[in-house]
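# Understanding the architecture of this molecule
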Amino acid sequence: MPFYQAPVRDTQFVLSNVVGLERYANLPGFAEATPDMVAAVLEAGGKFCSEVLAPLNLPGDIEGCTRHADGSVTTPKGFKSAYDQFCEGGWGTLMADTAWGGQGLPYVVGTAFQEYLQSANMAFAMYPGLSEGAQAAIEAVGDEAQKAKWLPPMVAGRWTGTMNLTEPHCGTDLGLIRTRAVRNDDGSYAITGTKIFISAGEHDLAENIVHLVLAKTEGAPDTVKGISLFIVPKFLVGDDGSLGARNAVSCGSIEHKMGIHANATCVMNYDGAVGYMLGEEFKGLKAMFIMMNAARLGVGVQGLAQGEVAYQNAVAYARDRRQGRALSGAKEPEAKADPILVHPDVRRMLMDGRAFNEGARALILWGALQVDLAKKAATPEEREMADDLISLLTPVIKGYCTDKGLDVAVASQQVFGGHGYVREWGMEQFVRDARIAQIYEGTNGIQALDLVGRKLAMNGGRGLRAWLALVKGEIAVADDAALAFLKSPLEKALGDLEASTMWLMSNAMGNPDEAGAGSVAYLHMMGIVALGHMWLVMAGAAQAALAAGEDVAFHEAKLVTARYYAERFLPDTAALRARLEAGSATMMAMPAEAF
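Residues numbered from 1 in each chain as written. Predicted model: local features only at pLDDT ≥ 70, side-chain atom pairs only at ≥ 80, totals over all residues. Heavy atoms only, no water.

A few words on the overall build of the chain. Scanning the chain from N- to C-terminus turns up 17 helices and eleven strands. Its C-alpha atoms give the chain a radius of gyration of 24 Å, within 12% of the compact-globule value 25 Å for 595 residues. Taken along its principal axes, the extent of the C-alpha atoms in the chain is 80 × 60 × 60 Å. When the 595 residues of the chain are sorted by exposure, 56% land in the buried category. Sequence separation of 24 or more characterises 74% of the internal contacts of the chain that already satisfy a separation of 6 or more. Of the accessible surface of the chain, which amounts to about 24,000 Å², a share of 55% is contributed by carbon and sulfur atoms. In the chain, 51 side chains carry a positive charge and 68 a negative one; their mean positions are 3 Å apart. (Helix = DSSP H or I, 4+ residues; strand = E, 2+ residues; numbered from the N terminus. Rg over C-alpha atoms; globule rule 2.2 N^0.38 Å. Buried < 20%, exposed > 50% of the residue type's maximum accessible area, 1.4 Å probe, protein only. Contact = heavy atoms within 4.5 Å. Areas by Shrake-Rupley, 256 points an atom, 1.4 Å probe, with all protein chains shown as cover. Lys, Arg positive; Asp, Glu negative; His and termini not counted. Charge placed at Lys NZ, Arg CZ, Asp CG, Glu CD.)

Here the focus is the packing of aromatic side chains. The description of an aromatic ring pair uses the distance of the two centres, along with the angle that the planes make with each other. This structure, assessed with the given rule, holds 18 aromatic pairs. Each ring, one from W150 and one from Y276, has its centre 6.3 Å from the other, and the planes form 45 degrees; the classification is tilted. Of this pair, W150 sits in helix α6 (residues 144-156) while Y276 sits in strand β11 (residues 265-277); the two residues are 126 residues apart in sequence, bridging distant segments of the chain. In this structure W150 comes out as buried when scored by relative accessible area, which is 2%. (Phe/Tyr/Trp six-rings, centres within 6.5 Å; stacked < 30°, edge-to-face > 60°.)

On to the side chain of D338, then. Tracing the backbone shows D338 in the loop between α7 (284-320) and α8 (344-376). Take D338: its relative accessible area is 0%, and that puts it in the buried class. In terms of polar contacts, D338 uses its side chain to reach the side chain of R325, at 3.1 Å. Only 3.0 Å separates the side chain of D338 from the backbone nitrogen of K331, close enough to count as a polar contact. Excluding residues that lie within four positions of it along the chain, D338 makes contacts with R321, R322, Q323, G324, R325, A326, G329, A330, K331 and E332. (Polar contact = N/O pair within 3.5 Å; in protein donor to acceptor, adjacent residues only side chain to side chain.)

Contact geometry of helix α13 (residues 484-507) with helix α15 (residues 552-568) gives a least axis separation of 9 Å together with a crossing angle of 30 degrees. When the interaxial angle is binned, α13 and α15 end up roughly parallel. By crossing handedness, the relation of α13 to α15 is classed as left-handed. For the pair formed by α13 and α15, the contact residues are F485, L486 and P489 on the first element and L559, A562, R563 and A566 on the second. For the contact of α13 with α15, the class distribution of residues is six nonpolar, no polar and one charged. (Axes fitted to C-alpha atoms, helices over the stretch in contact; angles between N-to-C directions. Parallel < 35°, antiparallel > 145°, perpendicular 65-115°, else oblique. Left-handed = near helix turned anticlockwise from the far one by under 90°. Nonpolar A, V, L, I, M, F, W, Y, C, P; charged D, E, K, R; others polar.)

Turning to unusual backbone geometry, a few remarks are in order. Even without being a glycine, I260 presents a positive backbone phi close to 40 degrees. If you trace the backbone, I260 turns up in the loop between β10 (249-254) and β11. On the basis of relative accessible area, I260 is assigned to the buried category, the value being 4%. Backbone geometry places E441, a non-glycine residue, at a positive phi of 60 degrees.

A few words now on the nonpolar core. The tendency in soluble globular proteins is for nonpolar side chains to be buried as a group. Membership of the largest hydrophobic core comes to 193 residues, with the highest contact counts inside it found for L212, L214, V415, W467, L486, Y522 and M526. For this core, the element with the highest residue contribution is helix α14 (residues 512-547), accounting for 18 residues. Not counting chain neighbours up to four residues away, the residues in contact with M526 comprise L392, L393, V396, L451, L456, L464, W467 and L497. (Core = buried A, V, L, I, M, F, W, Y, C linked by side-chain atoms within 4.5 Å.)

Taking burial as the measure, the nine residues of helix α10 (residues 427-435) include eight buried ones, the bulk of the element. When we look at burial in α10, the residues that qualify are M427, E428, Q429, F430, V431, R432, D433 and A434.

Moving on: the pattern of salt bridges. Summed over all chains, the structure comprises 30 salt bridges. Its salt-bridge partner being R361, residue E308 comes within 3.0 Å of it at the nearest N-O pair. One end of the pair, E308, is in helix α7; the other, R361, is in helix α8, with 53 residues separating them in the sequence. Overall, E308 belongs to the buried group, its relative accessible area being 7%. (Salt bridge = Lys/Arg side-chain N within 4 Å of Asp/Glu carboxyl O.)

What follows deals with helix α12 (residues 462-477). The periodicity of an α-helix, 3.6 residues per turn, causes residues three or four positions apart to be oriented the same way. The first and last C-alpha atoms of α12 sit 23 Å apart over 16 residues, in line with the 22 Å expected at 1.5 Å per residue. Turning to α12, its buried residues are G463, L464, A466, W467, L468, V471 and I475. Packed against the buried residues of α12 are α8, α9 (380-415), α13 and α14. (Expected span 1.5 Å × (residues − 1).)

Structural data, given as structure tokens:
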């Protein structure tokens, strides 16, 4: 049976040394996030995830969700009880505004808990996770009456939320949607259409489900400019908040998926269902992107989370499993064989996982801080910079962290050999669950195109310039002698990234295929440099802690991992640059009929 232990110590290290949480105590919500308060949240949250949710992950995957003849769906055994405990513990309220019953803690603190949640049980975590995205959209564009009606029960967890974009004939190209909204006499709308791949679309965990649905009103332009967003509840809600009749929305079927079996991914049928416009007419896509941007960061967390739990189980197995002798001679001659942890190739897989996981954790939490600062920083200039930075790095966090998270899960499965291919060990589930994160909320190819096609040039390149200056500034102040092992390779990697940026600027304007052909390589380059930036900060903090004699074993391990990242990850930018500069000619040369 697989296990999970929340990496609380490492999270605290990042929050203290990379995020610098205490420096922002003057900002709204941060004053309450004292070290003691955050420690209590992480410890208790980690315990809940490890002891309540993780044991449900494998059996939930095996059982899956069940759709009944009436269209209702039941989740696997134990999920309803776990969800009730989740709500009673207030875990869904961490980041929510106090006006709606939330605790108002910083987004970065909630993100730390989200990692634990996703590692312990990704399928379970998606039920409240989708709800948080729906809440964000309602809070951002809803009127005061809508906020008062829908947000309190959603924050409390009594109601959950979904996002309904995709239709059978269209995914990324939302201008093709056919779902229609016809205005009723009372100002509501009748919503008719079919949506697919709707995570948590129907279940037995909450009293009500609040669907946010993209649709086109009568006479709307038949393009993305004609899309509006609607609140469509499973049960109609009275003015006093009481639940009324069942709305004309139902689950037509559950998708049979590769992974996340315990999350009900539904085909949703809307047959004249009552809906209420959220935000302005024809501005639905803009409102939905509020959900999608938050979801993309959350999906990046999923990549890290599956990498972390897979790595933990691989380490435990490598310590216990005995096969052969160390190449340099027996390490435990009294035993018939050495633990496989002695073998360099096993070490390679484990160190790859550790170096990515710890770097990604730092980048994700640093990115979450930018989300907070974009809203709460003291000056307009600081808010603008934070928004620029997270806008630039969102596709990197989503794309790079999910690509590498899958790699870590696969390598961790490999550590188990044949046992990794057998269900009872849980490793094949981590691989299957991790795979979806590269696909939904915009495939990673779309993330790469978003990065090179939109984010680099946004606001005249202001975000890119700010981020490059930030990384260069950190390199400049790093100790030349003590951090040379990381500083020099990071400078080279950054040089590859800057050269690739110039190449794209020189070539992609005249031939957009050049951007398309090199976009994934570019995204990975930026991911490698972004994690390298985090490792430079962490290595400096670890050296300072060692000089003070603090937690020696932890900080020595941090430095070894930083050196490994410098030696084994940063050089990859040279190869990626070569791929990018190879251009699109050969890639696009083959006639379609020759494939």
